[in-house]
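Breakdown of the fold
So you can see what is in the structure, the chains are spelled out below.
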Amino acid sequence: QTRALKEQGNWAGCLAASANPRSIELLYERAWCAYNLDRTGEALAGFTLTAQSGGGLGGDVPRDARFGMILSYLNMNMTEDAARLAAATNLTQEQRMTVESTILDQRGVRAFHRREYTQSIAYLNALEQLSGNLRRDLAILRAYAYLNNNQHQLALDEFTRLNNELSTEETRTALASLRSTMSGL
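The notes below deal with the structure included here. (Residues numbered from 1 in each chain as written. Predicted model: local features only at pLDDT ≥ 70, side-chain atom pairs only at ≥ 80, totals over all residues. Heavy atoms only, no water.)

What follows is about the packing of aromatic side chains. Inspection of the entire model under this criterion finds six aromatic pairs. Residues tyrosine 28 and tryptophan 32 carry aromatic rings whose centres are separated by 6.4 Å and whose planes lie at 85° to one another, so their mutual orientation is edge-to-face. Linking tyrosine 28 with tryptophan 32, this pair stays in helix α3 (residues 24-36), spanning four residues, or about one helical turn. Taking relative accessible area as the criterion, tryptophan 32 reaches 14% and is therefore assigned buried. Aromatic side chains phenylalanine 112 and tyrosine 117 sit 5.4 Å apart centroid to centroid with 70° between the ring planes, which places their arrangement in the edge-to-face category. Of the two residues, phenylalanine 112 and tyrosine 117, neither departs from the other in class, the shared state being buried. (Phe/Tyr/Trp six-rings, centres within 6.5 Å; stacked < 30°, edge-to-face > 60°. Helix = DSSP H or I, 4+ residues; strand = E, 2+ residues; numbered from the N terminus. Buried < 20%, exposed > 50% of the residue type's maximum accessible area, 1.4 Å probe, protein only.)

Packed helices, taken two at a time, are described by the angle between their axes plus the distance between the axes. Look at α3 against helix α5 (residues 61-75): their axes get within 11 Å of each other, and the N-to-C directions meet at 25°. Considering their axes alone, α3 and α5 lie roughly parallel with respect to each other. For α3 against α5, the interelement crossing comes out left-handed. Each of Tyr28, Trp32 and Tyr35 in α3 lies in contact with α5, whose residues at this interface are Val61, Asp64, Ala65, Phe67, Gly68, Leu71, Ser72 and Asn75. (Axes fitted to C-alpha atoms, helices over the stretch in contact; angles between N-to-C directions. Parallel < 35°, antiparallel > 145°, perpendicular 65-115°, else oblique. Left-handed = near helix turned anticlockwise from the far one by under 90°. Contact = heavy atoms within 4.5 Å.)

Locating tyrosine 123 in the fold gives a position in helix α8 (residues 117-131). Residue classification places tyrosine 123 among the partly exposed residues on the basis of a relative accessible area of 22%. For tyrosine 123 and leucine 104, which are 19 residues apart along the polypeptide, the C-alpha to C-alpha distance reads 5.5 Å. Those residues in contact with tyrosine 123 that sit more than four places away from it in its chain are Leu104, Arg107, Gly108 and Ala111.

Moving on: helix α9 (residues 136-148). When the terminal C-alpha atoms of α9 are compared, their 18 Å separation across 13 residues agrees well with the 18 Å that a helix rising 1.5 Å per residue should span. Within the span of α9, buried status applies to Leu138, Ala139, Ile140, Leu141, Arg142, Ala143, Ala145 and Tyr146. Looking at the buried positions of α9, the neighbouring elements they touch are α7 (93-113), α8, α10 (152-165) and α11 (169-183). (Expected span 1.5 Å × (residues − 1).)

Okay, the nonpolar core next. In terms of nonpolar packing, the biggest core is built from 27 residues, with Trp32, Phe47, Ile70 and Val99 touching the most fellow members. Those elements that place two or more of their residues in this core are α2 (11-17), α3, α4 (40-53), α5, α6 (79-87) and α7. Considering every element that reaches this core, the biggest residue donor is α5, with eight residues. Among all residues touching valine 99, those that are not within four sequence positions of it are Phe67, Ile70, Leu74, Ala86 and Leu91. Formed by 21 residues, the second largest nonpolar core is a distinct cluster that contains Leu104, Phe112, Tyr117 and Leu178. (Core = buried A, V, L, I, M, F, W, Y, C linked by side-chain atoms within 4.5 Å.)

Attention shifts here to the pattern of salt bridges. Going through the model one piece at a time under the given rule, you end up with 18 salt bridges. The salt bridge partner of glutamate 29 is arginine 3, with a shortest N-O separation of 3.0 Å. Separated by 26 residues along the polypeptide, glutamate 29 in helix α3 and arginine 3 in helix α1 (residues 2-8) bring together distant segments of the chain. Residue classification places arginine 3 among the partly exposed residues on the basis of a relative accessible area of 41%. Close ionic contact of arginine 135 with aspartate 137 constitutes a salt bridge, the shortest N to O distance being 2.9 Å. The exposure class assigned to arginine 135 is partly exposed, which follows from its relative accessible area of 45%. When its relative accessible area of 45% is taken as the criterion, aspartate 137 is described as partly exposed. Connected through salt bridges with shared partners, the residues Arg3, Lys6, Glu7, Glu25 and Glu29 form a single ionic network. (Salt bridge = Lys/Arg side-chain N within 4 Å of Asp/Glu carboxyl O.)

That's the geometry; what it means functionally is another story.
This is the structure we're talking about:
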């Protein structure tokens, strides 16, 4: 019943049906439901116990439990813990793409907020290369990283591209400010 509720996306029903899990298998199903309801700490605990004790479940369960642990760490912005576990786990190609993309995203944003603009740009460029594109919010962040790293032409190119795709107050203001700065150089 718990698995059926999980497969239906009825996360709350799944949690109710598995309130006192008496098996690792039930705990594993419950962990995914908790994860999908943003009960990350509970999910992490369930995934961790499953990864440690669920080898008897066979199939892909131990790997997928570790994947759940990695996703939980990432949801809690515990990027380095997630990266260490990912490096030690034989994930599927799709799982690896999901994990590596999120790690690069989080590292790029964190580096920007620490004013490590060169590093932020490197992470965001790697993310773009890995995934084939960059979300708009991250592209704007990269443009500001270029600006703060005195790479004015790259910042201008990025803001121009973003403004051409979708002109917003933020892109117009950034372009005006950047053009003013560059004319004074």
